[in-house]
Amino acid sequence: MNISELSPGSKLRLNVAIRDRQFEFESKVAEPSKKEFLIEPIRMDGKLLNVEGNSVTVDLLLIREDEKPIIWKNVDIRCVRHKHKTYYAVDKDLPGKEYNRRREYRLFVGEEMTAHIGSDRTDRSILLKDVSNSGFAFINPSSLEEDEESFVYLAFPAKLGEREIEIPLFGKIVRKMDLPDGRVLYGCVLVKKNEILGRYINQKQMEILAKKRERYGDALE
C-alpha cells in the first residue's frame, strides 16, 4: 500500500526510537497537500515532538481491524508549515508492507483498583499492571474460578491534561500466568478500542520524554 492512498483522518501510530528508548504515539492523517503527505504532529503542553534529530528514527503503522497492520519503516519524516500550521511530512510515494505485530508499547500503571470479572458483578480488588492501545494486564491475588475468555470491566482513574477522568476498560482475558508468589497475572485484549486511552498513553510518554530533557534535549522543541 502506498501511503498516499490513506484518506484524511485515518489513524496512524508513530513508533519513535530516541537513542535507547522506544515510544508509541497515536496520530492521524492531516488534510491533503499537493507536495507532501501530511500527518498531525505530536504535542504536549504546546511543545512539538521533533522527529528530525540524528538520534531519532520513526516507523509509521496503519492499524486495521481484523487485518495485519501496514508499516512504513524508518521513514524520512520532517516538520513543515502548511496553511500557517505545523505538520509532520513524508514523501507521497512511500510504499508500505504488511507487518506481523508482536508487541505494543505498554505503559506501566501498578495501581490497585476494583474490577468486575465474568458473570460476578461484585467489586474485586485487583492490581492493574499496565495498559496499551490494544489491551491491559492485571494481577489477581489468586486464580479466578472462571477465567478463560471471561470479560473484565474496570474504570481506570487518570489525569488527562488538567482533567481528572475515568477511562473505561472493557476487555477479554486471553492470557494467564502463575506468579512465584502465588498471585496470577491475566492479560486482556480490549473488546472496544478507546481513543481516550490512546491520548492518555501519548501524554504519559511525552511526560517521560520531558523528564529526560537533559539526556534527550534535541527531541522537544
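As shown above, the structure is provided for reference.
Residues numbered from 1 in each chain as written. Predicted model: local features only at pLDDT ≥ 70, side-chain atom pairs only at ≥ 80, totals over all residues. Heavy atoms only, no water.

1. Looking at the nonpolar core
For soluble globular proteins, the rule of thumb is that nonpolar side chains tend to be buried together.
Moving on, step 1. Core analysis: the largest hydrophobic core is formed by 29 residues, its most contacted members being Leu14, Phe25, Leu49, Val58, Leu60, Trp72 and Tyr88.
Moving on, step 2. Listing elements by their share of this core, those giving two or more residues are β1 (11–18), β2 (21–28), β3 (37–39), β6 (56–62), β7 (70–72), β9 (85–90) and α1 (195–211).
Moving on, step 3. Discounting residues that sit within four places of it in the chain, Trp72 has contacts with Met1, Asn2, Ile3, Leu6, Leu12, Val58, Asp59, Leu60, Leu62, Leu94, Pro95 and Gly96.
Moving on, step 4. Listed in part, the 28 residues of the second largest apolar core include Val109, Met113, Ala158 and Ile167. (Core = buried A, V, L, I, M, F, W, Y, C linked by side-chain atoms within 4.5 Å. Buried < 20%, exposed > 50% of the residue type's maximum accessible area, 1.4 Å probe, protein only. Helix = DSSP H or I, 4+ residues; strand = E, 2+ residues; numbered from the N terminus. Contact = heavy atoms within 4.5 Å.)

2. Some words on unusual backbone geometry
Moving on, step 1. Of note, the phi angle at Asn74 is positive, near 50°, even though the residue is not glycine.
Moving on, step 2. Position of Asn74 relative to the elements: it lies in the loop between β7 and β8 (78–82).
Moving on, step 3. Backbone geometry places His84, a non-glycine residue, at a positive phi of 70°.
Moving on, step 4. Tracing the sequence through the fold places His84 in the loop between β8 and β9.
Moving on, step 5. Taking the relative accessible area as the measure of exposure, His84 reaches 75% and is therefore exposed.

3. Some words on the layout of surface pockets
Moving on, step 1. Taken as a whole, the largest pocket spans an internal volume of roughly 960 Å³.
Moving on, step 2. Glu26, Glu195, Gly198, Arg199 and Asn202 are, among the 33 residues lining the largest pocket, the residues nearest its centre.
Moving on, step 3. Contributions of two or more residues to the lining of the largest pocket are made by β1, β2, β4 (43–44), β14 (151–160) and α1.
Moving on, step 4. Tallied by class, residues from the lining of the largest pocket come to eight nonpolar, nine polar and 16 charged. (1 Å grid on protein atoms, 1.4 Å probe; cavity = no way out; pocket = protein on both sides within 12 Å on 5 of 7 lines; lining within 4 Å. Points joined across faces, edges and corners; volume = space filled by probe spheres on them. Nonpolar A, V, L, I, M, F, W, Y, C, P; charged D, E, K, R; others polar.)

4. Regarding the pairing of strand β11 (residues 107–117)
Moving on, step 1. Pairing between β11 and strand β12 (residues 120–131): eight bridges, direction antiparallel. Counted as the bridge partner of Met113 is Ile126 from β12.
Moving on, step 2. Connecting β11 to the antiparallel partner β12 that follows it, the hairpin turn spans two residues, and Gly118 within it adopts a positive phi of roughly 65°.
Moving on, step 3. One ladder, built from two bridges, connects β11 with β14; its direction is antiparallel. Paired with His116 across the bridge in β14 is Tyr153. (Pairing = 2+ DSSP bridges.)

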